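# Observations on chain architecture
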Amino acid sequence: MSVDEDNITEPAVRRWATAHSPRLGELMTALVRRLHDFSREVRLTEDEWAAAIAWLTAAGQTSDDKRQELILTSDVLGLSTLVVQLNNRFGPRATPATVLGPFHIDGSPTAPYGFDMADGIEGTTLFFTGRVTDIEGKPLPGAVLDVWQADADGAYEAQLPEVDEARLRAKYRTREDGSYCIRTIAPRGYAIPMDGPVGDLMRRTDISHFRPAHVHFLIDEPGYRKLTTHLFQEGGPYLDSDVVFGTRDALITPFTERPPGPAPDGSTLETAYLQAEYDFVLQPG
Ligand code: BEZ
Ligand code: FE
């Protein structure tokens, strides 16, 4: 049978429906249908298709074990956040999930209550305090908060090849009453990497390439759904234009100014500092 632009889709779908796993068959046949429909809808030209292949090739070649341009592509298309939403449908009382992002490093050191994970790094002192609880408000002692963030220049440790010890990341364990205390520096909004194919494409649009100021948290407590999330600074720039669509209203938290004096970790500070109070509520699972 000879195919034409209208009838090629069904034979292609039938071929991919032979996938050995039913799920792979479902994914591939739906993908083929949508790619064909997309090409017909926009009347894709050969030059455009060649340019798209060249762009994907460059995105792959820009990626390595530290940099992942294809994840960034998924992020700026809103696909990463969509997949997070589809797979983390928590109840209204639970803390919502958001994107993991590319800068998490496994195996952060365990830190005591109030540990300063920004020791020696310039910035405004910030404490995160609160509790980890279940959706009934029952405290979860011994829950581990894996925390990471960028410095005041927007750089994560994973972007600094010269750094060989944990920088702005640590794992905190909650106390008997579910409480935690993290000392760090205030994050700032930062630009996603713009020196690759994603940046080339974005410069041909009016899309803002910034993320609002945030700190990342991962809480993986047995008996509960793994929570991958951020806390965002209330009132900061880019909350309404986050380039990776990661902002959630329930994750926007005031960073309240506190005068010099007693600090949440039990120390006394000679300078003013910021405090963000937030209770993480885990979805049973
Ligand atoms: C991040 O928050 O670390 C991040 C997320 C997606 C893309 C780039 C950075
Ligand atoms: Fe981030």
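Rules of the game
Per chain, residue numbering runs from 1 following the sequence as it is written. Lettering of chains starts at A and numbering of ligands starts at 1, both following the order in which they are written. With pLDDT at 70 or above as the cut-off, local features in this predicted model cover only qualifying residues; side-chain atom pairs require 80 or more to be listed or tallied, and sums for whole chains, interfaces and linings still use all residues. Note: side-chain values were computed over all heavy atoms of the structure, leaving out hydrogens and water. A run of DSSP states H or I qualifies as a helix once it reaches four residues; a run of E qualifies as a strand once it reaches two. Both are numbered from the N-terminal end. Three labels apply to residues, based on accessible area from a 1.4 Å probe with only protein chains included: buried if under 20% of the type maximum, exposed if over 50%, partly exposed otherwise in between. Whether two residues are in contact is decided by their heavy atoms: any pair within 4.5 Å suffices. Shrake-Rupley sampling with a 1.4 Å probe provides the accessible areas, and residues are treated as covered by the protein chains on show and by no other component. In this analysis a donor is any N, O or S atom within 2.8 Å of a metal ion (3.2 Å for sodium, potassium and calcium), and since water is not included, sites may seem incomplete. For four-coordinate sites, all angles between 85 and 135 degrees define a tetrahedron; for four- and six-coordinate sites, opposite donors beyond 155 degrees with the remaining angles between 65 and 115 define square planar and octahedral shapes respectively, and all other cases count as irregular. Side-chain rings of Phe, Tyr and Trp, where Trp is taken by its six-membered ring, are said to pair if the distance between their centres is within 6.5 Å; with planes under 30 degrees apart they count as stacked, over 60 as edge-to-face, and otherwise as tilted. Whether a charge sits over a ring comes down to the Lys NZ or Arg CZ being within 6 Å of the ring centre and within 35 degrees of the ring normal. We treat two strands as partners when DSSP finds at least two bridges between them. Start and end positions for the domains come from either an automated domain assignment or a database one. Only residues above 30% relative accessible area that lack a salt bridge enter a patch, with like-charged residues linked at up to 9 Å and the nonpolar side chains Val, Leu, Ile, Met, Phe, Trp and Tyr linked at up to 5 Å. Only one rule defines a salt bridge in this text: a Lys or Arg side-chain nitrogen within 4 Å of an Asp or Glu carboxyl oxygen.

### Some thoughts on the overall build of the protein
For the protein, the count of helices and strands is six helices and 15 strands. Projected onto its principal axes, the C-alpha positions of the protein cover 80 × 40 × 35 Å. Within the span of the protein, comprising 285 residues, buried residues form 42% of the whole. Sequence separation of 24 or more characterises 68% of the internal contacts of the protein that already satisfy a separation of 6 or more. Carbon and sulfur atoms make up 53% of the accessible area of the protein, which totals about 15900 Å².

### So, the coordination of the iron ion (ligand 2)
Around the iron ion (ligand 2), the protein contributes the donor atoms Tyr-156 (OH), Tyr-190 (OH), His-214 (NE2) and His-216 (NE2), at 1.8 to 2.1 Å from the metal centre. Every donor counted, the six donor atoms about the iron ion (ligand 2) form angles of 53 to 165° at the centre, which fits irregular coordination. All donors of the iron ion (ligand 2) come from a single chain, and their spacing in sequence reads Y-x33-Y-x23-H-x1-H. You can see Tyr-156 sitting in the loop between β3 (144-148) and β4 (169-173) and its partner Tyr-190 sitting in strand β6 (residues 190-191), a full 34 residues away along the chain. Here the two residues Tyr-156 and Tyr-190 agree in accessibility, since each one is buried.

### Quick notes on the packing of aromatic side chains
Scanning all chains against the criterion turns up nine aromatic pairs. Ring geometry for Phe-103 versus Tyr-156: centroids 4.6 Å apart, planes at 25°, classification stacked. Here the residue Phe-103 occupies a position in the loop between α5 (79-87) and β1 (110-111), and Tyr-156 occupies one in the loop between β3 and β4, the gap between them amounting to 53 residues. The residues Phe-103 and Tyr-156 share a single accessibility class, namely buried. Residues Tyr-156 and Tyr-190 carry aromatic rings whose centres are separated by 5.5 Å and whose planes lie at 85° to one another, so their mutual orientation is edge-to-face. Members of the aromatic cluster, joined through ring pairs, are Phe-128, Tyr-180, Phe-217, Phe-255, Tyr-278 and Phe-280. A cation sits over an aromatic face here: Arg-175 above Tyr-113, 3.6 Å from the ring centre.

### Thoughts on the sheet that holds β3
The sheet built from six strands is open, its strands ordered β1-β4-β3-β8-β9-β10 with mixed pairing. Strand pairing shows two members of the sheet lacking a second neighbour, β1 and β10 (252-253), which therefore form its edges. One ladder, built from two bridges, connects β1 with β4; its direction is parallel. Bridged to Thr-110 within β4 is Lys-171.

### Quick notes on the domain arrangement of the protein
Partitioning the protein into structural domains gives domain 1 (9-65) and domain 2 (79-282). Taken over C-alpha atoms, the centre of domain 1 sits 36 Å from the centre of domain 2.

### As for a nonpolar patch on the surface
A grouping of Phe-38, Val-42, Leu-44, Trp-49 and Ile-53 is seen on the molecular surface, where their side chains present a nonpolar patch of about 450 Å² in accessible area. For the nonpolar patch, the secondary-structure elements that each account for two or more residues are α2 (22-42) and α3 (46-62). Mapped onto the fold, Val-42 is located in helix α2. Assessed through its relative accessible area of 39%, Val-42 is described here as partly exposed.

### Quick look at the pairing of β4
On a regular strand, one side chain projects to one face of the sheet and the next to the other, so that they alternate. As defined by bridge partners, β3 adjoins β4 across five bridges and the pair is classed as antiparallel. Bridge pairing links Val-147 to Ala-170 in β4.

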